[in-house]
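Notes for the structure review
The lines below spell out each chain.
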Amino acid sequence: MAVYQVPGEYGTLQEAVESAEDSGDKENSIEIVGSPIRTSSGVALDAAFDAKRRLTIRPGRHLGRATIACNDGGHPIFELTRSGYVTFQDLDIVRRCTNNSDLMFLGDCNNITVERCRIGSIWSSTGTPGWSNLFVKDPIDVVVRNS
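I will try to describe carefully the structure that is included in this document. These numbers were taken from a predicted model, which means no experiment stands behind them.

Here's the deal with the side chain of Asp102
By the element assignment, Asp102 lies in the loop between β9 (91–95) and β10 (104–107). For the buried residue Asp102, which engages in no salt bridge, the nearest side chain bearing the opposite charge is Arg95, 7.5 Å off. Polar contacts involving the side chain of Asp102 include one to the main-chain amide nitrogen of Ser132, which spans 2.8 Å. Sequence-distant contacts of Asp102, defined by excluding residues within four places in its chain, comprise His75, Pro76, Ile77, Arg95, Trp131, Ser132 and Phe135.

This is the structure we're talking about:
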């Protein structure tokens, strides 16, 4: 199993995701070892994972939960396009500015699990109407549990 720690060996979540996408390991885990993680851009995941290669994003063992806070209201915090076999666990995925986009976007994804996650805005205003905390388009086996 390959483990990628953020912050630490990787300065951003996107760098850790790209390393996991390029690895040959069957099981990949991105561990948030310092919380909160602040990002000014979204984290994009593509079709690099499948039934033979999986990714889990979760807090490190010493943290009960981890916060990922985004300061960019114009992009999803996580954008999964044709992604598969990705799990999010025990995360607070929050927007720290006026919202002008979905917080998480899952498009044409399969076998995605979001468990024990809080997804929302911690900003004083709601932003532009019509956006979702979690927008799922054309899903196959997407599970949102205890979130």
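Considerations on the nonpolar core
If you look at the biggest cluster of nonpolar residues, it comprises 35 residues, and the most contacted ones within it are Leu13, Ile30, Phe78, Leu80, Phe88 and Leu91. The leading source of residues in this core is helix α1 (residues 13–22), at four residues. Excluding residues within four positions of it along the chain, Leu80 makes contact with Leu45, Val86, Phe88, Phe105, Leu106, Gly107, Cys109 and Ile112.

Regarding the packing of aromatic side chains
Following the criterion strictly, the structure yields three aromatic pairs and no others. Summarising the aromatic geometry, the rings of Phe105 and Phe135 are spaced 5.7 Å apart at their centres and angled 5° between planes, so their arrangement reads as stacked. Here Phe105 is found in strand β10, whereas its partner Phe135 is found in strand β13 (residues 134–137), with 30 residues between them in sequence. Given the relative accessible area of 33%, Phe135 is considered partly exposed.

Some thoughts on the sheet that holds strand β7 (residues 78–81)
The strand order across the open sheet formed by four strands is β4-β7-β10-β13, and the pairing between neighbours is parallel. Both edges of this open sheet fall to β4 (43–45) and β13, since each of them pairs with a single strand only. For this sheet, the mean inter-axis angle between neighbouring strands, taken without regard to orientation, is 10°. Note that β7 and β10 share four bridges and pair parallel. In the strand pairing of β10, Phe78 is matched with Met104. On top of the sheet, α1 reaches β4 and β7; it is set at about 15° to β4, its chief contact.

Regarding the side chain of Ser101
In this structure, Ser101 sits in the loop between β9 and β10. Dropping the residues within four chain positions of it, Ser101 is found in contact with Gly73, Gly74, His75, Pro76, Arg95, Trp131 and Ser132.

A short note on α1
Restricting attention to buried positions, one finds in α1 the residues Leu13, Ala16, Val17, Ala20 and Glu21. Looking straight down α1, one finds that the buried residues subtend no more than 140° of arc, so they occupy a single side.

Here we look at unusual backbone geometry
A cis amide bond links Val6 with the next residue in sequence, Pro7, at an omega value of -15°. By secondary structure assignment, the location of Pro7 is in the loop between β1 (2–6) and α1. The step from Ser35 to Pro36 runs through a cis peptide bond, and the omega angle for that step is 5°. Not every positive phi belongs to a glycine, and Asp90 is a case in point at roughly 55°. By the element assignment, Asp90 lies in the loop between β8 (84–89) and β9. Phi is positive for Asn146, which is not a glycine, with a value near 50°.

Cut-offs applied
Residue numbering note: each chain is counted from 1, following its sequence as written. Only residues with pLDDT of at least 70 get local features here, since the model is predicted, and only at 80 or more are side-chain atom pairs given and counted; chain-wide, interface and lining totals rely on the full set of residues. Side-chain calculation: all heavy atoms of the structure are included, whereas hydrogens and water are not. The way it works is that DSSP assigns letters per residue, a run of H or I at least four long becomes a helix, a run of E at least two long becomes a strand, and they are numbered from the N terminus. Burial status follows relative accessibility: with a 1.4 Å probe on protein chains alone, a residue under 20% of its type maximum counts as buried, one over 50% as exposed, and anything between as partly exposed. In this tally Asp and Glu are treated as negative and Lys and Arg as positive; neither His nor the chain ends contributes. One speaks of a salt bridge when a side-chain nitrogen belonging to Lys or Arg is within 4 Å of a carboxyl oxygen belonging to Asp or Glu. By the criterion applied in these results, polar contacts are pairs of N or O atoms within 3.5 Å in which, for protein atoms, one can donate a hydrogen and the other can accept it, and in which residues neighboring in sequence qualify only through two side-chain atoms. Residues count as neighbours in contact if any of their non-hydrogen atoms are within 4.5 Å of one another. The term nonpolar core refers to a set of buried residues drawn from Ala, Val, Leu, Ile, Met, Phe, Trp, Tyr and Cys, joined through side-chain atoms within 4.5 Å. Pairing of aromatic side chains here covers Phe, Tyr and the six-membered ring of Trp, requires ring centres within 6.5 Å, and sorts the geometry by plane angle: under 30 degrees stacked, over 60 edge-to-face, intermediate tilted. Between any two strands, at least two bridges found by DSSP are needed for them to pair. Only C-alpha atoms enter the line fits that serve as axes; for helices the fit covers just the stretch in contact. Angles between N-to-C directions range over 0 to 180 degrees. To obtain the arc, one takes the directions from the helix axis to the C-beta atoms.

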